[in-house]
Amino acid sequence: MSIIKELKSQFSSIAWCPVKEHASMMAIAVREELTPTDEPSPKKLSLYNWNLENVEQSQYEVEESLSVGATALCWGCTLLPSQQDSQGLICVGLSNGSVDLIAPCFSEEQTWRFEKVLLLNSKFI
């Protein structure tokens, strides 16, 4: 399925990477369905290298499962001292009131991965 079709078929939030060297990177978080469905879409956070000149050349990089759908998504430029290769910090607000903090990391091998930093449970917020 193309990225555009995925965005249309799954109600999603989008955040762009704030790091200049990776400005083409886009995070997509699947939100809760607006109406009940027979088959709910899997809830996940995905990372794509978005090609603005030719969308068909955009590439999927990595994904992380979410416990529930997202309600908010933000990619900030906060760098974590414990994560040398982090490229900012992604904050995912979840429909159960929790918040996931995830570091998108870019390795020397030119590959991306997600490192879960913290889950703030709604009971403790």
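Right, let's walk through the structure included here.

What counts and what doesn't
Residues numbered from 1 in each chain as written. Predicted model: local features only at pLDDT ≥ 70, side-chain atom pairs only at ≥ 80, totals over all residues. Heavy atoms only, no water. Salt bridge = Lys/Arg side-chain N within 4 Å of Asp/Glu carboxyl O. Helix = DSSP H or I, 4+ residues; strand = E, 2+ residues; numbered from the N terminus. Buried < 20%, exposed > 50% of the residue type's maximum accessible area, 1.4 Å probe, protein only. Core = buried A, V, L, I, M, F, W, Y, C linked by side-chain atoms within 4.5 Å. Pairing = 2+ DSSP bridges. Axes fitted to C-alpha atoms, helices over the stretch in contact; angles between N-to-C directions.

**Let's talk about the pattern of salt bridges**
In total, this model carries five salt bridges according to the counting rule given. Between Asp100 and Lys116 there is a salt bridge, with the nearest N and O atoms lying 3.5 Å from each other. Separated by 16 residues along the polypeptide, Asp100 in strand β7 (residues 99-106) and Lys116 in strand β8 (residues 112-120) bring together distant segments of the chain. With a relative accessible area of 3%, Asp100 lands in the buried category. For Lys116, a relative accessible area of 44% translates into the label partly exposed.

**Side note on the nonpolar core**
Within the largest apolar cluster, 20 residues are counted, with the highest numbers of intra-cluster contacts made by Leu45, Leu47, Leu73, Trp75, Ile90 and Val92. Only β2 (25-30), β3 (44-49), β5 (70-76), β6 (89-94), β7 and β8 provide two or more residues apiece to this core. Within the second largest apolar cluster, six residues are counted, among which are Leu80, Val99, Leu101 and Ala103.

**A short note on the sheet that holds β7**
If you trace the four strands from one edge of the open sheet to the other, you get β5-β6-β7-β8, paired in antiparallel fashion. Each edge of the sheet is formed by a strand with only one pairing partner; in this case those strands are β5 and β8. Direction aside, the axes of adjacent strands within the sheet are offset by 20° on average. For β6 and β7, the ladder comprises four bridges, and the chain directions are antiparallel. Counted as the bridge partner of Cys91 is Leu101 from β7.

**Things to note about the pairing of β2**
Of all six residues in β2, six are buried, a share of seventy percent or more. Here strand β1 (residues 12-16) pairs with β2 via five bridges, running antiparallel. Bridged to Ile14 within β2 is Ile28. In this structure, β2 lies alongside β3, joined through five bridges in antiparallel fashion. Considered in β3, the bridge of Ala27 is made with Leu47.

**Concerning unusual backbone geometry**
Positive phi values are uncommon outside glycine, yet Gln110 reaches one of about 65°. Here Gln110 lies in the loop between β7 and β8.

**Comments concerning the sheet that holds β1**
In a beta sheet, neighbouring strands pair by backbone hydrogen bonds and run either parallel or antiparallel. What the four strands build is an open sheet, ordered β1-β2-β3-β4; its pairing is antiparallel. Two strands close off the open sheet at either side, each with one partner strand: β1 and β4 (59-65). Averaged over all pairs of adjacent strands, the angle between strand axes in this sheet comes to 20°, irrespective of strand direction.

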